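Examining the three-dimensional arrangement
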Amino acid sequence: NAGVMQNPRHLVRRRGQEARLRCSPMKGHSHVYWYRQLPEEGLKFMVYLQKENIIDESGMPKERFSAEFPKEGPSILRIQQVVRGDSAAYFCASSPGQGNSYEQYFGPGTRLTVT
Amino acid sequence: AQSVTQLGSHVSVSEGALVLLRCNYSSSVPPYLFWYVQYPNQGLQLLLKYTTGATLVKGINGFEAEFKKSETSFHLTKPSAHMSDAAEYFCAVRRYNQGGKLIFGQGTELSVKP
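Reading the values: rules and limits
- Residues numbered from 1 in each chain as written.
- Chains lettered and ligands numbered in written order.
- Predicted model: local features only at pLDDT ≥ 70, side-chain atom pairs only at ≥ 80, totals over all residues.
- Heavy atoms only, no water.
- Helix = DSSP H or I, 4+ residues; strand = E, 2+ residues; numbered from the N terminus.
- Rg over C-alpha atoms; globule rule 2.2 N^0.38 Å.
- Buried < 20%, exposed > 50% of the residue type's maximum accessible area, 1.4 Å probe, protein only.
- Areas by Shrake-Rupley, 256 points an atom, 1.4 Å probe, with all protein chains shown as cover.
- 1 Å grid on protein atoms, 1.4 Å probe; cavity = no way out; pocket = protein on both sides within 12 Å on 5 of 7 lines; lining within 4 Å.
- Points joined across faces, edges and corners; volume = space filled by probe spheres on them.
- Nonpolar A, V, L, I, M, F, W, Y, C, P; charged D, E, K, R; others polar.
- Pairing = 2+ DSSP bridges.
- Axes fitted to C-alpha atoms, helices over the stretch in contact; angles between N-to-C directions.
- Disulfide = S-S within 2.5 Å.

Attention now moves to the overall build of chain A. On a plain count of helices and strands, chain A comes out with 0 helices and 11 strands. Secondary structure elements of chain A occur, N-terminal to C-terminal, as β-β-β-β-β-β-β-β-β-β-β. Relative to the globule expectation of 13 Å for 115 residues, the C-alpha radius of gyration of chain A, 13 Å, shows essentially globular dimensions. Judged by the C-alpha coordinates and their principal axes, chain A covers about 40 × 25 × 25 Å. Considering chain A as a whole, with its 115 residues, one finds that 47% of them fall into the buried category. In the structure as shown, chain A presents an accessible area of about 5,800 Å², 45% of it carried by carbon and sulfur atoms.

Okay, structure coming up:
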């Protein structure tokens, strides 16, 4: 069973461009979480999605950031008009359910660099 | 609001020495508690977790942690450090029945000296 897949692993964007980060959860997992890790900091929760639904987006910046998890295909985290402060590692995690006993499995991350 | 505090952003031990990484949480309700390890340029791997039951939890690679409600702590220990233990360690909490999001501490970088 393949783990959580994220691509690209490294992404370089110029200021003002768009960044699209993809996450394919583990097989059988229908819950996806996105976290951001800024340099020298811990991970910060961004958004929690189930198929076709955003469950909790309390950690998402109000502007330029959006996320989706369509019925088919990977989850996408989209950052419009990137700025230098968006440079970070973005991690996706998946779980098979929402119950308290379900643990989250993390992908290898996408490292975004904004020049 | 919940928060997680990891005391010491850098911890250095000698190979074979005891590893102790500290984690304290603040929550009005005892949460679920986790320790993750992150090797350079990789994702997070779960070391161990506490949900209910026995307060001393054993994890992978010889690590264990004890949930102490009275101290609101969940410190991570390993009796004898190995060079391969050098990594970043994160403590995290998740509130009971509050969805799945994890609240992470700022991390502790463990160095192991030969």
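Once that is clear, we can look at the layout of surface pockets. Approximately 580 Å³ is the volume attributed to the largest pocket. Surrounding the largest pocket, 25 residues form its lining, Gln37, Glu40 and Glu41 of chain A together with Gln38 and Glu88 of chain B being those nearest its centre. When residues of the lining of the largest pocket are traced back to their parent elements, those giving at least two are β2 (10-13), β9 (88-95) and β11 (110-114) of chain A together with β9 (87-94) of chain B. Quantified by volume, the second largest pocket comes out at close to 190 Å³. If you trace the second largest pocket, you find 13 residues lining it, with Tyr105 and Phe106 of chain A together with Leu44, Gln45 and Leu46 of chain B closest to the centre. When residues of the lining of the second largest pocket are traced back to their parent elements, those giving at least two are β10 (105-106) of chain A together with β5 (44-50) of chain B. Ranked by residues supplied to the lining of the second largest pocket, first place goes to β5 of chain B with 3 residues. Counted by class, the lining of the second largest pocket contains 7 nonpolar, 5 polar and 1 charged residues.

Turning next to the sheet that holds strand β7 (residues 65-68) of chain A. Residue and element names in this part refer to chain A. Taking strand neighbours across the sheet as the criterion, the 4 strands line up as β1-β3-β8-β7 in an open arrangement whose pairing is antiparallel. Since the sheet does not close on itself, it has two edges, and those belong to β1 (5-7) and β7, each with one partner. Within the sheet, the average angular offset between the axes of one strand and its neighbour, ignoring direction, is 15°. Bridge count for β7 against strand β8 (residues 75-79) is 4 bridges, and the pairing is antiparallel. Bridging across to β8, alanine 67 finds its partner in leucine 77.

For the rest of this paragraph, the subject is the state of the cysteines. Across all of its chains, the model carries 2 disulfides over all chains by this definition. With its sulfur 1.7 Å from that of its partner, cysteine 23 of chain A forms a disulfide with cysteine 92 of chain A. Negative torsions about the S-S bond denote left-handed disulfides, and the value of about -50° found for cysteine 23 of chain A with cysteine 92 of chain A makes this one left-handed. One end of the pair, cysteine 23 of chain A, is in strand β3 (residues 19-24); the other, cysteine 92 of chain A, is in strand β9, and 69 residues separate them in sequence. Residue class for cysteine 23 of chain A comes out buried when judged on its relative accessible area of 0%. With a sulfur-sulfur separation of 1.9 Å, cysteine 23 of chain B is cross-linked through a disulfide to cysteine 91 of chain B. Taking the torsion about the sulfur-sulfur bond, which here is approximately -65°, the covalent link between cysteine 23 of chain B and cysteine 91 of chain B counts as left-handed. Within this pair, whereas cysteine 23 of chain B is found in strand β3 (residues 19-26), its partner cysteine 91 of chain B is found in strand β9, the two being separated by 68 residues in sequence.

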